[in-house]
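# Summary of structural features
This is what each chain is made of:
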Amino acid sequence: MLRQRADARTIGDGGDMGDRITVAEAIGRTIAKLGAAHIFGVVGSGNFHVTNAMIDHGVPFTATRHEMGAATMADAFTRTSGLLTVVSVHQGCGLTNALTGIAEAAKCHTPVLVVTGDTAMGDITSNFYIDQDAAVAAVGATPARIRTAASAVADTEAAIRTAVHGRQTVVLSVPVDLQEELVAFDDTAIPRVPAAPLLVPPAESLEQLVELLATAERPVIIGGRGAWGAKDELRRLAAASGALLVTSAGGRGLFVDDDWALDIMGGFATEGAAELISSADVIVAFGAALNKWTTRSGELLSTATTVQVDDRPTAIGLHRPVDVGIIGDAAPVAAAAADAVAARTPGKLGYRTPEVAERVRRYRYWKDQPFEPRPEVDRVDPQELTNALDAILPIERIVVPDGGNVNCYPGAHLRVPDERGYCIPLSFQAIGMGLSAGIGAGIAQPHRLPVVGTGDGAFLMSLVELDTAVRLGLGMVVIVYNDDAYGAEVNLFEPYTDKLELVRFPETDIAAIARGYRCDGVTVRSIDDLDAVQAWIDGPRDRPLVIDAKIAKFPSWLMARRHRQPTEEGEPVRISH
Ligand SMILES: Cc1ncc(C[n+]2csc(CCOP(=O)(O)OP(=O)(O)O)c2C)c(N)n1
Ligand SMILES: [Mg+2]
């Protein structure tokens, strides 16, 4: 419990209604009472008291080693658990250190509450002073603040309501001078965050959807992040319509055990899966943005009539035009459409022919696609390595890909148990979030093994959080695809220039670095070296295993497909990421 300073002033008209406590304590108790599941943070003077107040009232706390790690862990915890998390940071520089993680969370619409100190009102000469609200708004998060001591509880509840209902990342600034003031506090009077109503679209919209699905010959239904919680309804709708099921990256895992489901669409899809999707005549996306990654820049939707169902009006048609937009929640729309299609076309076969069943089975997973391994001297083929790891790592896992050339190996080759078993922290396309996202998701789901796949560049940018994982005794596997380079940049620019030394590095002994943090570390140069991984799996798993995978240096299949190489006939085409 926070002790009151002897000289603290009393603000607010509390009467005899409750205790008089500091504003910092009132904020912490309100956040705890409203159900925050976990706090991640780096504590300085500006967030010391409020963090202790949350901890004292039952919210577990994880100290991270960098604020970006805190924001990324909280984001991943919320994404994979659906529970509200809190990031706690010092004012000014503590907040700016967290901004990349906050931007990632905001772009993914993750409801995270960031609590940060702020300089005292008008204290613009403080070293810590920045315009926090402007900084936060600039990265797409929502600024909020404690306005007065008397409004502290209401301001805190409003910030949480905005985060939860608006699916926004809210940054609540708490000026340090206000934190010490006293307020009357009655925790039975804290308003509860009201439940959001379900959005059901008008009958005409539903009728349009039913008509399209009832008459489609080769329908495909996509589940995105917004389809979490609607998987049974979507499977029922797909069965009634004779549709195949597939997910965007955000929804990966939703339909894992459905015979008519492909694994994932977009850049990560197998070629056979992409062909099945692009041959669809009607595509209905539920809670998926249909961005350039999901659609392969529109390629996969080029001939189908496209329907987009989303609860946010601004999401409809944002990335590409759609034929029909329906504003509504995935579950009620899918349930109503399933009943109507089933009644109108009972026993409809649609796309579900025996020939397509065989193709779905064959093209579902990357691990089943034939390829010729291309190992180099003392360097393992990354695709072969990932398929081998997929086979030996327990399926009760959470797969977390980082960015870079290698990201398709963990992102597409490692299978997942369900939608909570995949977390892709690439909404901002920043490298270096994988390790922290794996830790956050692992804390949220202790029964599962986090498996992070990252490049050497991304890992070396963020490895300080190994200390956090070791302190927590977190068993996790970090596969570092080590090509001693920013391989994405090498592959991107190699066709045009030989000035590549700025993106190549001397060899790093990542296994040794990891052991320095008290992780287990193994160096893998060939598939035979994976015995050490098997030994770790069979052991106590009470610390991270970092695999320093010295990989052969060539463009991944994803990069090779996305960036055309110069041909003998034509000039190279300049393409950026
Ligand atoms: C924070 C951030 N900085 C820089 C970039 C640009 N970038 C994209 S991929 C990449 C290289 C990543 O290297 P590594 O993690 O080793 O993966 P590789 O490409 O070698 O497989 C860089 C620097 C980025 N996306 N995000
Ligand atoms: Mg690299």
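Everything quoted here is computed from the prediction, not taken from an experiment. (Residues numbered from 1 in each chain as written. Chains lettered and ligands numbered in written order. Predicted model: local features only at pLDDT ≥ 70, side-chain atom pairs only at ≥ 80, totals over all residues. Heavy atoms only, no water.)

### Quick word on the environment of Tyr-517
Tracing the sequence through the fold places Tyr-517 in the loop between α20 (510-516) and β17 (520-524). Residue classification places Tyr-517 among the partly exposed residues on the basis of a relative accessible area of 23%. In this structure, the C-alpha to C-alpha distance between Tyr-517 and Pro-544, residues 27 residues apart in sequence, is 9.7 Å. (Helix = DSSP H or I, 4+ residues; strand = E, 2+ residues; numbered from the N terminus. Buried < 20%, exposed > 50% of the residue type's maximum accessible area, 1.4 Å probe, protein only.)

### What to know about the environment of Thr-295
For Thr-295, the position within the fold is in helix α11 (residues 292-295). As for Thr-295 and Gly-267, which are separated by 28 residues in sequence, their C-alpha atoms are 7.8 Å apart. Sequence-distant contacts of Thr-295, defined by excluding residues within four places in its chain, comprise Leu-290, Leu-300, Leu-301 and Arg-320. (Contact = heavy atoms within 4.5 Å.)

### Some words on the pairing of strand β10 (residues 244-247)
Of the two faces of β10, the one holding Leu-244 and Val-246 and the one holding Leu-245 and Thr-247 are both buried throughout. Note: strand β9 (residues 219-223) against β10, 4 bridges, orientation parallel. Along β10, the bridge assignment pairs Gly-223 with Thr-247. The β-α-β motif built from β9, the intervening helix α9 (residues 231-241) and the parallel element β10 has right-handed crossover chirality. (Pairing = 2+ DSSP bridges. Right-handed = clockwise from strand over helix to strand, strands pointing away.)

### Overview of the coordination of the magnesium ion (ligand 2)
Coordination of the magnesium ion (ligand 2) by the protein comes from Asp-456 (OD), Asp-483 (OD) and Ala-485 (O), over a distance range of 2.0 to 2.1 Å. The sequence motif formed by the donor residues of the magnesium ion (ligand 2) is D-x26-D-x1-A. Pair noted here: Asp-456 is in helix α17 (residues 456-462) and Asp-483 is in the loop between β16 (477-482) and α19 (487-493), with a separation of 27 residues, a long-range link. For the pair shown, Asp-456 and Asp-483 are each scored as buried. (Donors = N, O, S within 2.8 Å, 3.2 Å for Na, K, Ca; no water.)

### Focus on the side chain of Gln-179
Within the secondary structure, Gln-179 is located in helix α7 (residues 176-179). The class of Gln-179 is buried, set by a relative accessible area of 5%. Not counting residues up to four positions away in its chain, the partners in contact with Gln-179 are Thr-22, Val-23, Ala-24, Gly-46, Gly-117 and Val-174.

### What about unusual backbone geometry?
With a phi close to 55°, Gln-429 is a non-glycine residue in the positive phi region. Within the element layout of this structure, Gln-429 appears in the loop between α15 (408-413) and α16 (434-444). The class for Gln-429 is partly exposed, based on a relative accessible area of 44%.

### Looking at the confidence of the model for the protein chain
The predicted model of the protein chain has a mean per-residue pLDDT of 94, with 94% of residues at 70 or higher. For residues 1-16, every residue scores under 50 in pLDDT, and the model assigns this stretch 29 contacts once sequence neighbours within four places are set aside. (pLDDT = per-residue confidence, 0-100.)

### Some words on the packing of helix α3 (residues 67-81) against helix α4 (residues 93-107)
Two numbers describe how α3 lies on α4: the axes approach to 7 Å, and their chain directions differ by 30°. Judged on the interaxial angle alone, α4 and α3 are roughly parallel. Pair α3 / α4 crosses with right-handed handedness. Residues Glu-67, Met-68, Ala-71, Thr-72, Asp-75 and Arg-79 of α3 pack against Gly-94, Asn-97, Ala-98, Thr-100, Gly-101, Ile-102, Glu-104 and Ala-105 of α4. Looking at the contact of α3 with α4 residue by residue, the class counts come to 5 nonpolar, 5 polar and 4 charged. (Axes fitted to C-alpha atoms, helices over the stretch in contact; angles between N-to-C directions. Parallel < 35°, antiparallel > 145°, perpendicular 65-115°, else oblique. Left-handed = near helix turned anticlockwise from the far one by under 90°. Nonpolar A, V, L, I, M, F, W, Y, C, P; charged D, E, K, R; others polar.)

### Quick notes on the site of ligand 1
Lining the immediate surroundings of ligand 1 are 16 residues, of which Asp-456, Gly-457, Ala-458, Gly-487 and Ala-488 lie closest. At 2.7 Å, a side-chain N or O of Asp-456 approaches an oxygen atom of ligand 1. The backbone of Ala-458 places a nitrogen or oxygen atom 2.8 Å from an oxygen atom of ligand 1. Within the complex, 78% of the 580 Å² of free accessible area of ligand 1 lies under protein. Looking at the shell around ligand 1, the elements that each hand over two or more residues are α17 and α19. Split into classes, the residues belonging to the shell around ligand 1 amount to 7 nonpolar, 6 polar and 3 charged. (Near = heavy atom within 4 Å. Polar contact = N/O pair within 3.5 Å; in protein donor to acceptor, adjacent residues only side chain to side chain. Areas by Shrake-Rupley, 256 points an atom, 1.4 Å probe, with all protein chains shown as cover.)

### Quick word on the pattern of salt bridges
As enumerated under the stated definition, the model contains 36 salt bridges in all. Through salt bridges with shared partners, one network takes in Glu-507, Arg-525, Asp-548 and Lys-550. (Salt bridge = Lys/Arg side-chain N within 4 Å of Asp/Glu carboxyl O.)

### A closer look at the sheet that holds strand β4 (residues 85-89)
What links the strands of a sheet is backbone hydrogen bonding, and the strands pair in either a parallel or an antiparallel sense. Strands sit in the order β3-β2-β4-β5-β7-β6 across an open sheet of 6 strands; the sheet is parallel. In this open sheet, the two strands that pair with only one neighbour each are β3 (61-63) and β6 (142-145). Averaged over neighbouring strand pairs, the angle between their axes works out to 25° when direction is ignored. Sheet analysis places strand β2 (residues 38-41) next to β4, joined by 4 bridges and oriented parallel. Residue pairing across strands places Phe-40 opposite Val-87, the latter belonging to β4. Helix-sheet contacts for α3 involve β2, β4 and β5 (112-118), and the interaxial angle to β4 is about 175°.

### Let's talk about the side chain of Ser-241
Note on placement: Ser-241 falls in helix α9. Judged by relative accessible area, Ser-241 falls into the buried class, the value being 0%. Contact partners of Ser-241, with chain neighbours within four places excluded, come to Leu-213, Pro-219, Val-341, Lys-348 and Gly-350.

### Points about the sheet that holds strand β12 (residues 305-310)
Pairing is parallel in the open sheet, where 5 strands are placed in the order β10-β9-β11-β12-β13. Each of the sheet's edge strands pairs with one partner strand only, and the pair in question is β10 and β13 (324-327). Averaged over all pairs of adjacent strands, the angle between strand axes in this sheet comes to 20°, irrespective of strand direction. Of the pairings in the sheet, the one linking β9 to strand β11 (residues 282-286) comprises 5 bridges and is parallel in character. When the sheet's bridge partners are listed, Ile-222 is paired in β11 with Ala-285. Here α9 sits on the sheet in contact with β9, β10 and β11, set at roughly 175° to β9.

### A look at helix α12 (residues 330-344)
The end-to-end C-alpha separation of α12 is 21 Å, in line with the 21 Å expected for 15 residues at 1.5 Å each. Buried-residue contacts for α12 involve α8 (203-215), α9, β11 and β12. (Expected span 1.5 Å × (residues − 1).)

### Some points on the nonpolar core
In this structure, Ile-102, Phe-459, Met-476, Val-478 and Val-546 are the most contacted members of the largest nonpolar core, which totals 41 residues. Counting residues per element, this core draws most heavily on α3, at 6 residues. In this structure, Val-546 is in contact with Phe-459, Leu-466, Val-478, Val-480, Ile-510, Ala-514, Cys-519, Asp-520, Gly-521 and Val-522, ignoring residues within four places of it in sequence. Among the nonpolar cores identified, the runner-up in size contains 36 residues, and Phe-268, Ile-424, Val-524 and Leu-558 belong to it. (Core = buried A, V, L, I, M, F, W, Y, C linked by side-chain atoms within 4.5 Å.)

### A short note on the state of the cysteines
Where two cysteines share a covalent bond between their sulfur atoms, that bond is called a disulfide. As enumerated under the stated definition, the model contains 0 disulfides in all. For the unlinked cysteine Cys-408, the closest cysteine sulfur is that of Cys-423, found at 18 Å. (Disulfide = S-S within 2.5 Å.)

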